[in-house]
Every structure is written in C-alpha cells, then in structure tokens.
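Remarks on the overall topology
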Amino acid sequence: MLRYILVSIISGILFGVLDGLINANPLAQKLLAVYQPIARKTLNLPAGILIDLVYGFILAGIFLLFYRSLPGESGLVKGISFALLVWFLRVAMSVISSWMVHDIPQATLLYQLLAGLGEMLVLGILYGLTLKPAAQ
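The notes below deal with the structure included here. On a predicted model such as this, the values are computed, not experimentally measured, just so you know.

**Some points on the overall build of the protein chain**
For the protein chain, the count of helices and strands is five helices and zero strands. Counted from the first residue to the last, the protein chain has its helices and strands arranged as α-α-α-α-α. Principal axes of the C-alpha set define a box for the protein chain whose edges measure 55 × 30 × 25 Å. Counting all 136 residues of the protein chain, 34% fall into the buried class. Within the protein chain, contacts between residues separated by at least 24 positions form 77% of all contacts whose residues are at least 6 apart in sequence.

**A short note on the side chain of E119**
With respect to the secondary-structure elements, E119 resides in helix α5 (residues 106-130). Beyond its immediate chain neighbours, meaning those up to four positions away, E119 contacts F15, L18, D19, I22 and R90.

**Quick notes on the nonpolar core**
Core analysis: the largest hydrophobic core is formed by 22 residues, its most contacted members being L59, F63, F82, M120, Y127 and L131. Among the elements of the structure, α1 (2-24), α3 (45-66), α4 (75-101) and α5 are those that each provide at least two residues to this core. Tallying contributions element by element places α4 first for this core, with seven residues. Sequence-distant contacts of F63, defined by excluding residues within four places in its chain, comprise L70, K78, G79, F82, Y127, G128 and L131. Among the nonpolar cores identified, the runner-up in size contains six residues, and I22, L31, L32 and Y111 belong to it.

**Concerning α1**
An ideal rise of 1.5 Å per residue puts 33 Å on 23 residues; α1 measures up with 33 Å between its terminal C-alpha atoms. Within α1 the residues assigned to the buried category are Y4, V7, S8, S11, G12, F15, L18 and I22. As for α1, its buried residues are in contact with α2 (26-31), α3, α4 and α5.

**So, the side chain of S98**
Checked against the element boundaries, S98 lands in helix α4. You can call S98 buried: its relative accessible area is 16%. Apart from the residues lying within four places of it in its own chain, the contact partners of S98 are I104 and L109.

**Focus: the packing of aromatic side chains**
Aromatic ring pairs are described here by two measures, namely the spacing of the ring centres and the angle between the planes. The full count for this structure, using the stated rule, is six aromatic pairs. Considering the side-chain rings of F15 and Y55, the 5.6 Å spacing of their centres and the 55° angle between planes classify their relative orientation as tilted. Of the two residues, F15 sits in helix α1 while Y55 sits in helix α3, which places them 40 residues apart along the sequence. Note on F63 and F82: the rings are 5.3 Å apart at their centroids and 75° apart in plane angle, and the pair reads as edge-to-face. One end of the pair, F63, is in helix α3; the other, F82, is in helix α4, with 19 residues separating them in the sequence. Just as F63 is buried, F82 falls in that class too. By the ring-pair criterion, three or more aromatic residues cluster together here, those being F63, Y67, F82 and Y127.

**Quick word on the packing of α1 against α5**
α5 packs onto α1 with a crossing angle of 160° between their chain directions and a minimal axis gap of 10 Å. When the axis of α1 is compared with that of α5, the two are roughly antiparallel. Seen along the crossing, α1 lies across α5 with a hand that is right-handed. Contacts between α1 and α5 involve R3, V7, I10, S11, L14, F15, L18, D19, L21 and I22 from the first element and Y111, A115, E119, M120, V122, L123, L126, Y127 and T130 from the second.

Cut-offs applied
Residues numbered from 1 in each chain as written. Predicted model: local features only at pLDDT ≥ 70, side-chain atom pairs only at ≥ 80, totals over all residues. Heavy atoms only, no water. Helix = DSSP H or I, 4+ residues; strand = E, 2+ residues; numbered from the N terminus. Buried < 20%, exposed > 50% of the residue type's maximum accessible area, 1.4 Å probe, protein only. Contact = heavy atoms within 4.5 Å. Core = buried A, V, L, I, M, F, W, Y, C linked by side-chain atoms within 4.5 Å. Expected span 1.5 Å × (residues − 1). Phe/Tyr/Trp six-rings, centres within 6.5 Å; stacked < 30°, edge-to-face > 60°. Axes fitted to C-alpha atoms, helices over the stretch in contact; angles between N-to-C directions. Parallel < 35°, antiparallel > 145°, perpendicular 65-115°, else oblique. Left-handed = near helix turned anticlockwise from the far one by under 90°.

Next comes the structure, spelled out in structure tokens:
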C-alpha cells in the first residue's frame, strides 16, 4: 500500500511537470495558439496540482486492477501496454473528436497525439517498473 501511495504521488507530480513541458514550450505555444481565444487568462495552480495528484492515484489504481489482464510478461511491457490503452482512450479519442468537430490545424492535432503518447508512455513505464499487485 505504501508503494502504491508513493508511486501515485510521484506520478501525479510527473503529470503536472509533463503537462507544463508539453503545453508551455515554444513549439507548443505556437501550435496551441489556435486555442488562445478560449484559453483561460490565469491558471488555478492549487486546483491543477490537486487534479494531477488525483489522476496519479486513479491511473495507478487502474493499472493495478488491470495488471494481470495486460499483455506482456514483464512489468515494463505491461506498463507500455497500459500506456497505449490509456493514450487511446484519453488522448487519441479526444484528438480525433476535435479533428471531426473543430477547425484545428493538423500540425496541432499531430503534436497533441505525439505529446500525449510520450506522456502516457512515461507514466505507464513508471507504473510497470514500480507497481505489481499483491500475490494472492
């Protein structure tokens, strides 16, 4: 249980750091400028930190629940499998929906797909290397 708590906190912090790197770098600023008219002018940093920590706990818990069903023999492969699953459900479906409904440049959509894949792979690998359900 202690390992789950520590990994969840680390992954929540990592979520926030990665989101900052993904969204605040010069390339992202250029590609994501399309959202500027509807973007918030200020961020609620405490709420963002809390949300990322909650995401860390939720994703780590789901990884543990799915562990035995994930493809692969090693924790690393299971982590990558989990990352790809979460990426599809969280990132790819959102980007595809945006492509269908909004007039967003393809370069922006591609950036979101690839950046989201990188973020999910980092988190999935963290889970795969550090978490394993208790033996039954």
